[in-house]
Amino acid sequence: MSKKVAGFEIGSHALHVAVVTKKGVKKVLTETLPEGAVREGRIVSYEALADFIKQTCKKKKVRFDEAAVVLPAALCFCRRMQSPIMTHEQLMVNLPYEFRDFITAEKDQYFYDYAVLGVTKDEETGEPTELDLMAAASLKSTVQDYKDMFRRAGIKLKTAIPIEMSYTNILSKAPADHAHCLIDLGHTAVRLYMYHGNRYENSHLVEYGMSTLDDIIADAMHIDPFVAASYREANHDGCQSLPECVEVYQNLANEIQRAVYFFRYNNPDVELEHIHLSGGGARIQPLRDVLSEAISIPIEDCSELIGAHDDGIETALGAVGAAMQ
Ligand SMILES: Nc1ncnc2c1ncn2[C@@H]1O[C@H](COP(=O)(O)OP(=O)(O)OP(=O)(O)O)[C@@H](O)[C@H]1O
Ligand SMILES: [Mg+2]
């Protein structure tokens, strides 16, 4: 029997889990987190979350041989970069300087890693001149906290990867000459990730997500924001189509359009083939409709990328990619 790998991603609203084997996706699930478990992208109590992960795995009969987790974007940085040809040792000395604009703590408090995506060669001599790299920096204490949390849940983590790497895995079978835009319609933010083939190019963050709709629905329908959240998910009284909500979708579409133009401007030779939606917001049909209308690039389900059509796959896409590591 082929090895079962579980991927986990902890969002601000839900825990996403996927079990994958060489043959494909075996299971995907999204469980809403207890209220207040994650605040501003940070886990409030690692112990409480460990217990929640353990219970969820037990309740949903999640069985696996190995586990991988997606590190939180707020605490893990990823970037494409070019560097002169150098050895592994030289790169490890240089990477901290490449991240100096991103990291906030002392540079030795981070783990650094990289993957070589390509080597540029001199056209005449054929001599290598430059390395094309995808590099990552993550806080050592975060990685340790995650390892400890999963250990408490009875799970030994094999890998912890940034979301950009998880999507690289998702796109592993994408044609190398096609560009893709993955859009995560999350609870607290909307995040765009641009890829050329499976190579990460850049990302763009919109600092509000589906939770902004709650205050709007609450105001329009004169209800409590907490109640509004359940109205929104159930599309109670068609609240997802309130004009005030549609305005939010339109603003989002504008932001996305701008990021897409920017990518096209910087990559004039690359055709952006598809936009793939993920995250719980991908289930809001009126939002999908506004995006389809406003953006000239066709929207395709993420499930097409991995050839799996399990219900809920787009909500747990990050976890699926982690399990493919
Ligand atoms: N069927 C649905 N209809 C409407 N909204 C939904 C539906 N399913 C999920 N959502 C909403 O989509 C939002 C994003 O859900 P998701 O599970 O992607 O959150 P998350 O990954 O925890 O968030 P983040 O990535 O921002 O940390 C949530 O606000 C959730 O309530
Ligand atoms: Mg998420």
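Residues numbered from 1 in each chain as written. Chains lettered and ligands numbered in written order. Predicted model: local features only at pLDDT ≥ 70, side-chain atom pairs only at ≥ 80, totals over all residues. Heavy atoms only, no water.

### Some remarks on the overall build of the protein chain
The number of helices and strands found in the protein chain is ten helices and 15 strands. In terms of C-alpha radius of gyration, the protein chain reaches 20 Å, essentially the compact-globule figure of 20 Å for 325 residues. Overall, the protein chain is about 70 × 45 × 45 Å in size when its C-alpha atoms are taken along their principal axes. Out of the 325 residues belonging to the protein chain, those deemed buried represent 47%. In the protein chain, once contacts between residues fewer than 6 apart in sequence are set aside, the share between residues at least 24 apart is 62%. Of the roughly 16,700 Å² that the protein chain leaves accessible, carbon and sulfur atoms contribute 47%. The average position of the 33 basic charges and that of the 47 acidic charges among the side chains of the protein chain differ by 11 Å. (Helix = DSSP H or I, 4+ residues; strand = E, 2+ residues; numbered from the N terminus. Rg over C-alpha atoms; globule rule 2.2 N^0.38 Å. Buried < 20%, exposed > 50% of the residue type's maximum accessible area, 1.4 Å probe, protein only. Contact = heavy atoms within 4.5 Å. Areas by Shrake-Rupley, 256 points an atom, 1.4 Å probe, with all protein chains shown as cover. Lys, Arg positive; Asp, Glu negative; His and termini not counted. Charge placed at Lys NZ, Arg CZ, Asp CG, Glu CD.)

### Considerations on the sheet that holds strand β8 (residues 110-121)
Strands sit in the order β7-β9-β8 across an open sheet of three strands; the sheet is antiparallel. Unpaired on one side and paired on the other, β7 (76-84) and β8 mark the two borders of the sheet. With direction set aside, neighbouring strand axes in the sheet form an average angle of 20°. Judged from the nine bridges that link them, β7 and strand β9 (residues 128-139) form a sheet pairing that is antiparallel. (Pairing = 2+ DSSP bridges. Axes fitted to C-alpha atoms, helices over the stretch in contact; angles between N-to-C directions.)

### Notes on the site of ligand 1
Around ligand 1 sit 22 residues, and of these Ser-12, His-13, His-187, Glu-233 and Gly-280 come closest. In this structure, Arg-232 approaches ligand 1 through a side-chain N or O atom, which is 3.0 Å from an oxygen atom. A distance of 2.4 Å is found between an oxygen atom of ligand 1 and a side-chain nitrogen or oxygen belonging to Glu-233. Burial of ligand 1 by the protein chains amounts to 90% of its free accessible area of 650 Å². (Near = heavy atom within 4 Å. Polar contact = N/O pair within 3.5 Å; in protein donor to acceptor, adjacent residues only side chain to side chain.)

### Observations regarding a nonpolar patch on the surface
Among the surface-exposed residues, Ile-85, Val-116 and Val-119 lie close enough to one another that they form a single nonpolar patch of about 230 Å² accessible area. Considering the arrangement of structural elements, one finds Val-116 in strand β8. Residue classification places Val-116 among the partly exposed positions, given a relative accessible area of 45%. (Patch = residues over 30% accessible without salt bridge, like charges linked within 9 Å, V, L, I, M, F, W, Y side chains within 5 Å. Salt bridge = Lys/Arg side-chain N within 4 Å of Asp/Glu carboxyl O.)

### Considering the domain arrangement of the protein chain
Along its sequence, the protein chain is carved into domain 1 (5-73 + 142-168), domain 2 (76-139) and domain 3 (176-301). Look at where the C-alpha atoms of domain 1 and domain 2 centre, and you get two points 28 Å apart. Contact residues are listed per partner, giving nine residues for domain 1 and seven residues for domain 2. Along the contact surface separating domain 1 from domain 2 lie zero salt bridges. Summed over the shared surface of domain 1 and domain 2, the result is four residue pairs in polar contact (both at pLDDT 80 or more). Class assignment for the residues of the side of domain 1 that touches domain 2 results in six nonpolar, two polar and one charged. (Domains from an automatic or database assignment. Nonpolar A, V, L, I, M, F, W, Y, C, P; charged D, E, K, R; others polar.)

### Notes on the environment of Ile-223
Within the secondary structure, Ile-223 is located in the loop between α5 (212-221) and α6 (225-234). According to the relative accessible area criterion, Ile-223 is partly exposed, its value standing at 23%. For the pair formed by Ile-223 and Pro-162, sequence separation is 61 residues and the distance between their alpha carbons is 38 Å. Here Ile-223 is in contact with Ile-217, Ala-218, Ala-228 and Tyr-231, once residues within four sequence places are set aside.

### Here's the deal with the sheet that holds strand β14 (residues 272-278)
Whenever strands of a sheet pair, they do so through backbone hydrogen bonds, lying parallel or antiparallel. Overall, mixed pairing links the five strands, which are arranged β13-β12-β11-β14-β15 in an open sheet. Single-partner strands in this sheet number two, and they are β13 (199-206) and β15 (299-301). Strand-to-strand twist across the sheet, computed as the mean angle between neighbouring axes with direction ignored, equals 25°. Taken together, the six bridges between strand β11 (residues 179-185) and β14 define a ladder with parallel strand orientation. Pairing of Leu-182 across the sheet is with His-276, part of β14. Against the sheet, helix α8 (residues 285-294) touches β11, β14 and β15, its axis set at about 135° to β15.

### Looking at the packing of helix α1 (residues 46-59) against helix α3 (residues 140-152)
The contact between α1 and α3 brings their axes to 8 Å, and the two run at 45°. One finds that α1 runs oblique with respect to α3. Read as a crossing pair, α1 and α3 show a hand that is right-handed. From α1, Tyr-46, Glu-47, Leu-49, Ala-50, Asp-51, Ile-53 and Lys-54 reach across to α3, where they touch Asp-145, Tyr-146, Met-149, Phe-150 and Arg-152. The residue inventory of the contact of α1 with α3, partitioned by class, reads seven nonpolar, no polar and five charged. (Parallel < 35°, antiparallel > 145°, perpendicular 65-115°, else oblique. Left-handed = near helix turned anticlockwise from the far one by under 90°.)

### Some remarks on a negative patch on the surface
Judged by side-chain charge, Asp-122, Glu-123, Glu-124 and Glu-127 come together as a negatively charged surface patch. Mapped onto the secondary structure, Glu-123 falls in the loop between β8 and β9.

### Quick look at the nonpolar core
By size, the foremost hydrophobic cluster in this structure holds 35 residues, and its most contacted members are Ile-183 and Leu-185. For this core, the secondary-structure elements that each account for two or more residues are β11, β12 (190-196), α5, α7 (243-266), β14 and α8. At nine residues, α7 tops the list of elements feeding residues into this core. In this structure Ile-183 touches Val-190, Arg-191, Leu-192, Ile-256, Ile-275, His-276, Leu-277 and Ser-278, once residues within four positions along its chain are discounted. (Core = buried A, V, L, I, M, F, W, Y, C linked by side-chain atoms within 4.5 Å.)

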